[in-house]
Amino acid sequence: REEYLLKVKMIREGIPGVALSTDLIVGFPGETEAQFQDTMKLIEEVRFENIYAFAYSPRPFTKAAKFEGQLDEPTKFRRLNELLDRQRVIAFELAAAYENAELDVLIEEYKPDEKLMVGRSTQNKLTYILAPDENSESYIGTIHKVKVNKAFPTVLRGELLSQHRGALN
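Residues numbered from 1 in each chain as written. Predicted model: local features only at pLDDT ≥ 70, side-chain atom pairs only at ≥ 80, totals over all residues. Heavy atoms only, no water.

**Points about the sheet that holds strand β7 (residues 155–160)**
Part 1 of the argument: Read around the barrel, five strands follow the order β3-β4-β5-β7-β6 and close on themselves; strand pairing throughout is mixed. With direction set aside, neighbouring strand axes in the sheet form an average angle of 50°.
Part 2 of the argument: For strand β6 (residues 143–151) and β7, the ladder comprises five bridges, and the chain directions are antiparallel. Bridge assignment links A151 to a residue of β7, and that residue is L156. (Pairing = 2+ DSSP bridges. Helix = DSSP H or I, 4+ residues; strand = E, 2+ residues; numbered from the N terminus. Axes fitted to C-alpha atoms, helices over the stretch in contact; angles between N-to-C directions.)

In structure tokens, the structure reads:
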């Protein structure tokens, strides 16, 4: 645990603005309430931008399916919901830092009917950008500065700041 937290600290110091995510399984056979609470404390300390979390379910022919200490479904789903509820609060708190930020976004798609371009920020946030003109399809495959007007945990909305149409290198 301490080594993991040290590595997170090193990453954050070495890569300002890095966005961390993780995968978690709750309710693995033998998981105690104390171990689950340790996981809850860890997500508080690390403050992941995104968590992919699941309740453990036994799979045929796996060793874990035969482990003693299988947890009941209500316990597994209570833990999963508690984890996801806490992560939702953390994610909204972290999203607030993106409001009014200027980010590099790779434009991946143009939706002419909606007058929107869609891309991904360097933090892997899906970003919707108001299309500057009818020729916005030419922006696909290029990186642009975008000012974020509204931020949600996994989606950003913004406006194009750079008009340069250089190709992705």
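**Looking at unusual backbone geometry**
Part 1 of the argument: Look at F61: it is not a glycine, yet its phi comes out positive at around 70°.
Part 2 of the argument: Judged by relative accessible area, which is 84%, F61 ranks as exposed.
Part 3 of the argument: In this model, N124 sits at a positive phi of 65°, which is unusual for a non-glycine residue. (Buried < 20%, exposed > 50% of the residue type's maximum accessible area, 1.4 Å probe, protein only.)

**A look at the pattern of salt bridges**
Part 1 of the argument: The final tally for this structure, using the stated rule, is 15 salt bridges.
Part 2 of the argument: Residue E82 is joined to R78 by a salt bridge in which the shortest nitrogen-to-oxygen separation is 3.2 Å. Taken together, the residues E82 and R78, both in helix α3 (residues 73–95) and four residues apart, mark about one turn of the helix.
Part 3 of the argument: A salt bridge links D85 to R88; its shortest N-O distance comes to 2.9 Å. With D85 and R88 both in helix α3 and three residues apart, the pair spans about one turn of that helix.
Part 4 of the argument: Among the residues examined, D85 registers a relative accessible area of 44% and is labelled partly exposed.
Part 5 of the argument: The structure contains a network of salt bridges with shared partners spanning E31, E33, R78, R79 and E82. (Salt bridge = Lys/Arg side-chain N within 4 Å of Asp/Glu carboxyl O.)

**Regarding the packing of aromatic side chains**
Part 1 of the argument: Counted by the stated rule, this structure contains two aromatic pairs.
Part 2 of the argument: Seen from their ring centres, F28 and Y56 are 5.2 Å apart, and the 70° between their planes marks the pair as edge-to-face. In this pair, F28 is assigned in the loop between β1 (21–26) and α2 (33–46) and Y56 in the loop between β2 (50–55) and α3, connecting sequence segments 28 residues apart.
Part 3 of the argument: Assessed through its relative accessible area of 8%, Y56 is described here as buried.
Part 4 of the argument: Centre to centre, the rings of F28 and F67 are 6.0 Å apart; their planes meet at 80°, and the pair counts as edge-to-face. One end of the pair, F28, is in the loop between β1 and α2; the other, F67, is in the loop between β2 and α3, and 39 residues separate them in sequence.
Part 5 of the argument: What makes F67 partly exposed here is its relative accessible area of 38%.
Part 6 of the argument: Three or more aromatic residues joined by ring pairs form one cluster here, namely F28, Y56 and F67.
Part 7 of the argument: Taking NZ or CZ as reference, R157 lies 5.1 Å from the ring centre of Y128, over its face. (Phe/Tyr/Trp six-rings, centres within 6.5 Å; stacked < 30°, edge-to-face > 60°. Lys NZ or Arg CZ within 6 Å of the ring centre and 35° of its normal.)

**Some thoughts on a negative patch on the surface**
Part 1 of the argument: On the surface, a cluster of negative charge is contributed by E108, E109, D113 and E114.
Part 2 of the argument: Structurally, E108 can be placed in strand β3 (residues 102–111).
Part 3 of the argument: Note on E108: relative accessible area 43%, which makes it partly exposed. (Patch = residues over 30% accessible without salt bridge, like charges linked within 9 Å, V, L, I, M, F, W, Y side chains within 5 Å. Areas by Shrake-Rupley, 256 points an atom, 1.4 Å probe, with all protein chains shown as cover. Lys, Arg positive; Asp, Glu negative; His and termini not counted. Charge placed at Lys NZ, Arg CZ, Asp CG, Glu CD.)

Purely spatial values, then, with no claim about function.
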